[in-house]
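Now for the letters of each chain:
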Amino acid sequence: MPPEVIEAFCSAAREAVPLEELQAAASRCISRLTSTDAGLVTCGAAAGLTLGTAAILARDDLKRMEQLPDCSGFPSEFIIAREQRSGYDHAVRAAGASLVEVGFNEIVSNAGVRRTELWEYESAISSETAGIVFVQAADARPPLHDVVQLAHKHDLPVLVDAAGELPPRSNLTALTATGADLVVFSGGKAIRGPQSTGILCGRRDLISSAALQMLDMDDHDSLWQPPAELINRASVPGLPRHGLGRALKVSKEEIVALLTALQLFAAGAWDEQNAVCEEILDVVENSLRDVNVTCRRIPPASADRWPVLEIHLTAGTGSAMDVARALRSGRPPVYTGHARLHENVLVINPVSVNKDQADALAERLVDELRKAS
Ligand SMILES: *Cc1c(COP(=O)(O)O)cnc(C)c1O
């Protein structure tokens, strides 16, 4: 977290505030920076997916809120492309939704080259469909925009998992501009807020439902006066009890810190961070000059993503798996990317390293790679 974010976290710890007031202030800030009606700070993007699903399932129906995750009696299917499924869709199912898969994963199985197609989404829509869940990636197909058009033609909402899609900064507004009903971002990734924060933003009625299901509801009915911009009292007949999201509460410190980090990110702080990433990789790469490995700097996929460093081991320099294991167990522990170990490649991602940790990182790499060869 940048120093300003830590400072904001600490100053929030010294105050007491009604959380619905603080979330209403958060909603104003998020709505301004994402060009949406409203937003909530959640305890991570995965929690945002659970709350977003709960909002789509229950809307403003207090009985449904009380009943979740039991969805008997109302539509609860979410359509998802098979190629977009991952462990994160547990967060959608946790609210009570069931997933209906469409399409295939032919490119991974190497048995075809086609991606999921729009007609496949459309053919899965039935009276049991509650919405569509879409995992955003720059190369997602069909593009989010087309899926949103199709969903809206059938009066269905789209919930977008864009947890890791910042940077680019433009995605703060580009994804919601497709008309997507709810979008989720992680606050603990490149935004650099507290690790256990996230953002849920989009349609006001759905954010309101999510807020009702997350906030502490132990209030007196005749005293309860939630901020109208966050929760429209007139749209609900009474005060619901704690909802499904009560287990996903966010602290005032996390809310204030996340908003501070979000404002810094939206103002371009990431661009400076990227220069720091390059410097850290320079230190590592220079230290490895006399070690028998080949370094390859992979430039950011787009101007504002970040660079990584690949360290290619050769037959004489031992196994990347053994080096990765030794790096984790030594002091300070170093965690390398593990996706390419089978190709004998260690991947160094500088995003969670501070500049003053670069020398220690380089030293450990030099040590373990020398020992291995
Ligand atoms: C990281 C990630 C999440 C989870 O984000 P948290 O903020 O850690 O809860 C969900 N979906 C995708 C695609 C992610 O990359």
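Note that the coordinates shown come from a computational prediction; the quantities given were computed from them, not determined experimentally. (Residues numbered from 1 in each chain as written. Predicted model: local features only at pLDDT ≥ 70, side-chain atom pairs only at ≥ 80, totals over all residues. Heavy atoms only, no water.)

Details of the environment of Ala-12
Logical step 1: Considering the arrangement of structural elements, one finds Ala-12 in helix H1 (residues 3–13).
Logical step 2: For Ala-12, a relative accessible area of 8% gives the class buried.
Logical step 3: When the C-alpha atoms of Ala-12 and Glu-254 are compared, they prove to be 8.5 Å apart, with 242 residues separating the residues in sequence. (Helix = DSSP H or I, 4+ residues; strand = E, 2+ residues; numbered from the N terminus. Buried < 20%, exposed > 50% of the residue type's maximum accessible area, 1.4 Å probe, protein only.)

Topic: the pattern of salt bridges
Logical step 1: Counted under the stated rule, the structure contains 24 salt bridges.
Logical step 2: Linking Arg-85 and Asp-89 is a salt bridge whose minimum nitrogen-to-oxygen distance equals 2.9 Å.
Logical step 3: We classify Asp-89 as buried; its relative accessible area is 6%.
Logical step 4: A salt bridge links Glu-122 to Lys-153; its shortest N-O distance comes to 3.1 Å. You can see Glu-122 sitting in helix H7 (residues 118–124) and its partner Lys-153 sitting in helix H8 (residues 144–153), a full 31 residues away along the chain.
Logical step 5: Given a relative accessible area of 31%, Glu-122 falls into the partly exposed group. (Salt bridge = Lys/Arg side-chain N within 4 Å of Asp/Glu carboxyl O.)

A word on the side chain of Ser-31
Logical step 1: Checked against the element boundaries, Ser-31 lands in helix H2 (residues 19–34).
Logical step 2: Setting aside residues up to four positions removed in sequence, Ser-31 forms contacts with Thr-36, Asp-37 and Ala-38. (Contact = heavy atoms within 4.5 Å.)

So, the sheet that holds strand E4 (residues 129–135)
Hydrogen bonding along the main chain pairs the strands of a sheet, whether they run parallel or antiparallel.
Logical step 1: An order of E1-E7-E6-E5-E4-E2-E3 is seen for the seven strands of this open sheet, with the pairing classed as mixed. Unpaired on one side and paired on the other, strand E1 (38–42) and strand E3 (98–102) mark the two borders of the sheet. On average, each strand axis in the sheet is inclined to that of its neighbour by 25 degrees, with strand direction left out of account.
Logical step 2: In this structure, E4 lies alongside strand E5 (residues 158–161), joined through four bridges in parallel fashion. Note on E5: the bridge partner recorded for Ile-132 is Val-158.
Logical step 3: Its contacts with the sheet put H2 on E1, strand E6 (182–186) and strand E7 (198–202), and the angle it makes with E1 is roughly 115 degrees. (Pairing = 2+ DSSP bridges. Axes fitted to C-alpha atoms, helices over the stretch in contact; angles between N-to-C directions.)

Thoughts on the packing of H1 against helix H11 (residues 252–266)
Logical step 1: Here H1 crosses H11 at 150 degrees, and the two axes come no closer than 8 Å. By the angle class used here, H1 and H11 are roughly antiparallel. In the packing of H1 onto H11, the handedness of the crossing is right-handed. Each of Glu-4, Val-5, Ala-8, Phe-9, Ala-12 and Ala-13 in H1 lies in contact with H11, whose residues at this interface are Lys-252, Glu-253, Glu-254, Val-256, Ala-257, Thr-260, Ala-261 and Leu-264.
Logical step 2: Class assignment of the residues belonging to the contact of H1 with H11 gives a composition of nine nonpolar, one polar and four charged. (Parallel < 35°, antiparallel > 145°, perpendicular 65-115°, else oblique. Left-handed = near helix turned anticlockwise from the far one by under 90°. Nonpolar A, V, L, I, M, F, W, Y, C, P; charged D, E, K, R; others polar.)

Things to note about the packing of helix H12 (residues 269–287) against helix H14 (residues 358–372)
Logical step 1: Direction vectors running N to C along H12 and H14 enclose 30 degrees, while the axes themselves pass 9 Å from each other. One way to sum up the angle between H12 and H14 is to call them roughly parallel. Every pair of crossing elements has a handedness; the one defined by H12 and H14 is right-handed. Taking contact as the criterion, the partners of Ile-280, Val-283, Val-284 and Ser-287 in H12 are, on H14, Ala-358, Asp-359, Leu-361, Ala-362, Leu-365 and Val-366.
Logical step 2: Class assignment for the residues of the contact of H12 with H14 results in eight nonpolar, one polar and one charged.

Function-wise, these values are silent; they only describe arrangement.
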